[in-house]
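Architecture and fold: a report
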Amino acid sequence: MSTCSTVSWDLDEPVSGTAPVARTWLLLEQPGPWGAKALTSSRLDTALGRALDAAVKGTGVRIALVRRPGRHADRGTPAERTVYAAHTVAGNGWLHGTTIEDPSRLLGLDFAALGRGDHRTFDSVLGGRPHAGDPLALVCTNGKRDRCCALLGRPLAAELAASGTGGVWEVTHLGGHRFSPTVLVLPHGYVYGRVQAHAVKEILHSAREGRIVVEGCRGNSAWERPGQAAELALRSAVGEDAAEALTVVRTDGAAPRWEVTLAHRDGRQWRVTVVQGASMPPRPESCGASVLGSPARMEVTAVRALPVTAALAS
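Residues numbered from 1 in each chain as written. Predicted model: local features only at pLDDT ≥ 70, side-chain atom pairs only at ≥ 80, totals over all residues. Heavy atoms only, no water.

Here the focus is the nonpolar core. Soluble, globular proteins show a tendency: their nonpolar side chains are buried together. By size, the foremost hydrophobic cluster in this structure holds 22 residues, and its most contacted members are L26, V83, L106, L109, F111 and F122. Elements with a minimum of two residues in this core: β1 (24-29), α2 (46-55), β2 (61-67), β3 (81-87), β4 (94-100), α3 (111-116) and α4 (120-126). Per element, the largest residue contribution to this core is 3 residues, and it comes from β2. Leave out the neighbours within four places in its chain, and L26 touches V61, R62, I63, A64, V83, Y84, A85, L109, F111 and F122. One finds A137, L160, V183 and A207 within the second-largest nonpolar core, a separate group that totals 21 residues. (Core = buried A, V, L, I, M, F, W, Y, C linked by side-chain atoms within 4.5 Å. Buried < 20%, exposed > 50% of the residue type's maximum accessible area, 1.4 Å probe, protein only. Helix = DSSP H or I, 4+ residues; strand = E, 2+ residues; numbered from the N terminus. Contact = heavy atoms within 4.5 Å.)

Below you can see the structure in the form of structure tokens.
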């Protein structure tokens, strides 16, 4: 029986513009098994998971659980947990980390401030500090969410860890199971699909140098999906790989057509036309889907440089 990722690959479904949307990621270490909705179906206290899920709604913060690659036997409650927070908007991006013993302390965070890119609440409440190590590679491995994530994600995480690659974690859910294995790279917030270990190593090497690899990239989680597709198309068009170079200034329109304005840190601006189409023929969007779907696909139809006067006016 074909998996959803095999069908998506065979049909050459584009990955651009399919990344999860989150301006700020909050990652909590939770070893052991995970259920489909990991915040409330893991060894994390269920009431705490529900409270955290409710607290971040509408703030731009997305919470995910992480664990070290390897076997996930239930060994009880860890004495100390690693926590990361990362803001992914270009020009104000950061990645901070800390360790805590009591995960309920996360409820003391100002999630609205975190979503705006203010790390002071993370630092003051949890003792956070800037992350000084390797970029993080977060590999989706939650087989209870979709079996492709376990079949393809767990071997990738294990291979990366065994090769000595730093910053590798398993993560609960990044969406887009059919693009497995899928990886979130922090601090810059770019998500990749259908990646192999050698590609992840190249992506991480580039991230250490503040650069982005466009091939296999699903988009930057800071932007809505039309903005993700527009940014990647512009990077390809102008040959720009600096992670902090481009920002989505505004997005006009609504499905199925948007005009996305992007700015370069040097002052240049562009307007990119993005049209939403449907992926045909219908296919399973996840291995657990009972009906076939036609997932939306973002197609860039025009990239136009704006004159300096128009750029200033916009």
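Taken in spatial order, the 10 strands make up an open sheet running β5-β4-β3-β1-β2-β7-β6-β8-β9-β10, and their pairing is mixed. At either margin of the open sheet sits one strand with a lone partner, and together these are β5 (129-130) and β10 (217-220). With 2 bridges joining them, β4 and β5 adopt antiparallel strand pairing. Residue pairing across strands places G97 opposite R129, the latter belonging to β5. (Pairing = 2+ DSSP bridges.)

Another aspect to go through is the pairing of β4. Among the 7 residues that make up β4, 6 are buried, leaving the element largely enclosed by the rest of the structure. Two strands pair when backbone bridges link them, and β3 and β4 are joined in this way by 7 bridges, in the antiparallel orientation. Its bridge partner lying in β4, H87 is registered against W94. Two successive antiparallel strands, β3 and β4, enclose a turn made up of 6 residues, where G91 displays a positive phi of approximately 95°.

A separate point is the sheet that holds strand β13 (residues 269-278). The sheet built from 4 strands is open, its strands ordered β11-β12-β13-β14 with antiparallel pairing. Because the sheet does not close on itself, it has two edges, and the strands there are β11 (246-254) and β14 (296-305). Strand after strand, the sheet turns through a mean of 25° between neighbouring axes, direction not considered. Both strand β12 (residues 257-264) and β13 contribute to a ladder of 7 bridges, which runs antiparallel. Within the sheet, the bridge partner assigned to T261 lies in β13 and is R271. (Axes fitted to C-alpha atoms, helices over the stretch in contact; angles between N-to-C directions.)

Read these as geometric descriptors, not functional statements.
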